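Here are the chains, one letter per residue:
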Amino acid sequence: MSESLPPELRRVVIIGTGLIGTSIALALRERGADVLLSDRDAASVRLAVELGAGSALPAGDRQSGPAGLAVLAVPPGAVAATLRDAQKRGLAHSYTDVASVKAFPLAEAAELGCDLESFVAGHPLAGRERSGPAAARADLFLGRPWALCPAPESSAEVVSAATALARACGAEPIIVDAAEHDRAVALVSHAPHVVAAAMAARLGDGSDVALGLSGQGVRDVTRIAAGDPQLWTGILGANAEPVADVLDAVATELTMAASALRTGAAAGSSAGRAAAGPVADLLRRGNTGQAKIPGKHGGRQSSYAIVPVLIPDRPGELALLFQAAGVAGVNIEDVSIEHSPGRPMGVIEL
């Protein structure tokens, strides 16, 4: 199967065997690529190898010649130093990274004297709230955008290799300026993580009664807050100004909403209805913004019928439900499960 891959992807080195690095390795292995894995954590490499993601990169410089491409799957603050060391070792002909911040690592790489002609910054916009090689999936990038941010020095060959990597993983490569990329991910990824963490932090002071009433809404809002704090501290620090700008705007909206609600509560019901105007406006604009998020397969969001189904909490019930949908010729786009506390059943929304 490796014959179907371009030459630069037939042998790939991946430095960093976390969620993203191991997922890339698994995707490439499915295409028949020879993948060599490296990480400061030897246990992480061993687990990735056991998962079938490739083989461990030989110590020192004993690999048989440079690979076609090296992927730096390390945090933003480690990209430049990792690139410099990999280039000194001659690990590959071309290099790319997958960090979620682009301008800072590029500037630092230039300061360290890295060869930017053989490097193109990259970022697959895919992930999970779980981390580490055990959470990796070969299909993690299917249909997802993969940003590529060439520097002026980046050669056409390295851009071609990184583009081929994105497509081999099932992603859609997009060329974008590094600074524009960082502003974009501040809005759609980095600031939302902080907002989710702020809401989840409030739950730490929640009473047992409040937590016992938790429903799907609070789970949806706080799901991404389960991410690794150390990893996210590095990401946010590397993209500090764009993230701070979004958080300032969100904080202003929330402060205005809180003020309107307090004014209405203090003035009585009629004034309360008037003060609700700013809150209603925020909710309407929230509807508009949410509707602009592309659908799962790109383009405009589709409109789906949501069907709630009461289902017993017994083995095999989900399989029977999915089989019934298939027999009826119904394609299930998404599934959520709401368990009924204290009862042996739950509600599934298809």
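The following refers to the structure shown.

Conventions adopted
Residues numbered from 1 in each chain as written. Predicted model: local features only at pLDDT ≥ 70, side-chain atom pairs only at ≥ 80, totals over all residues. Heavy atoms only, no water. Core = buried A, V, L, I, M, F, W, Y, C linked by side-chain atoms within 4.5 Å. Buried < 20%, exposed > 50% of the residue type's maximum accessible area, 1.4 Å probe, protein only. Helix = DSSP H or I, 4+ residues; strand = E, 2+ residues; numbered from the N terminus. Axes fitted to C-alpha atoms, helices over the stretch in contact; angles between N-to-C directions. Parallel < 35°, antiparallel > 145°, perpendicular 65-115°, else oblique. Left-handed = near helix turned anticlockwise from the far one by under 90°. Contact = heavy atoms within 4.5 Å. Pairing = 2+ DSSP bridges. Arc of directions from axis to C-beta. Patch = residues over 30% accessible without salt bridge, like charges linked within 9 Å, V, L, I, M, F, W, Y side chains within 5 Å. Areas by Shrake-Rupley, 256 points an atom, 1.4 Å probe, with all protein chains shown as cover. Salt bridge = Lys/Arg side-chain N within 4 Å of Asp/Glu carboxyl O. Lys, Arg positive; Asp, Glu negative; His and termini not counted. Charge placed at Lys NZ, Arg CZ, Asp CG, Glu CD.

### Looking at the nonpolar core
If you look at the biggest cluster of nonpolar residues, it comprises 39 residues, and the most contacted ones within it are Ile 24, Trp 146 and Leu 165. At the level of secondary structure, the elements contributing two or more residues to this core comprise strand S1 (11-15), helix H1 (19-30), strand S2 (34-38), helix H2 (42-50), strand S4 (67-72), strand S7 (145-149) and helix H5 (156-168). With eight residues, the top contributor of residues to this core is H5. Membership of the second largest hydrophobic core comes to 27 residues, among which are Leu 57, Ala 70, Leu 72 and Ala 80.

### Things to note about the packing of helix H6 (residues 178-203) against helix H9 (residues 229-238)
The N-to-C vectors of H6 and H9 enclose an angle of 125°; their axes lie 11 Å apart at closest approach. In terms of orientation, H6 and H9 fall into the oblique class. Judged by the twist between their axes, the crossing of H6 over H9 is left-handed. Between H6 and H9, the residues in contact are Ser 189, His 190, His 193 and Val 194 and Trp 232, Ile 235 and Leu 236, respectively.

### With respect to the packing of helix H3 (residues 79-89) against helix H4 (residues 103-111)
With their axes 8 Å apart at the nearest point, H3 and H4 run at an angle of 45° to one another. Taken as axis vectors, H3 and H4 run oblique relative to one another. For the crossing formed where H3 meets H4, the hand is right-handed. Here Val 79, Ala 80 and Leu 83 of H3 come into contact with H4, specifically with Pro 105, Glu 108 and Ala 109.

### Structural notes on the sheet that holds S1
The eight strands are arranged S3-S2-S1-S4-S5-S6-S7-S8 in an open sheet whose pairing can be described as mixed. Each having just a single partner strand, strand S3 (55-56) and strand S8 (172-175) make up the two edges of the open sheet. Alignment of S1 against S2, held across five bridges, turns out to be parallel. Directly across from Val 12, in S2, lies its bridge partner Val 35.

### Looking at the environment of Leu 5
Note that Leu 5 resides in the segment before S1. Along the backbone, Leu 5 and Ala 168 are 163 residues apart, and their C-alpha atoms lie at a distance of 7.8 Å. With sequence-adjacent residues up to four places away left out, Leu 5 is seen in contact with Arg 10, Arg 31, Gly 32, Ala 33 and Ala 168.

### Quick word on H2
Considered for burial, the residues of H2 that qualify are Ser 44, Val 45 and Ala 48. Across the axial projection of H2, the buried residues extend over an arc of 100°, all falling on one side. Pointing more than 90 degrees away from the buried face of H2 are the exposed residues Arg 46 and Glu 50. Next to the buried residues of H2 lie H1, S2 and S3. Gly 52 sits one or two residues past H2 and shows a positive phi near 90°.

### Here we look at a negative patch on the surface
A cluster of acidic side chains, namely Asp 115, Glu 117, Glu 153 and Glu 157, defines a negative patch on the protein surface. Relative to the elements of secondary structure, Asp 115 occurs in the loop between H4 and strand S6 (119-124). Note on Asp 115: relative accessible area 39%, which makes it partly exposed.

### Some points on the pattern of salt bridges
One pass over the structure, following the stated rule, counts seven salt bridges. Here Glu 253 ties to Arg 285 by a salt bridge, and the two come within 2.9 Å at their closest N and O atoms. One end of the pair, Glu 253, is in helix H10 (residues 240-267); the other, Arg 285, is in helix H11 (residues 269-291), and 32 residues separate them in sequence. Taking the relative accessible area as the measure of exposure, Arg 285 reaches 39% and is therefore partly exposed. The closest approach of N and O atoms between Arg 285 and Asp 281, which form a salt bridge, is 3.0 Å. Note that Arg 285 and Asp 281 are positioned in helix H11 at a spacing of four residues, about one turn of the helix. Several salt bridges converge on common partners, so that one network encompasses Glu 253, Asp 281 and Arg 285.

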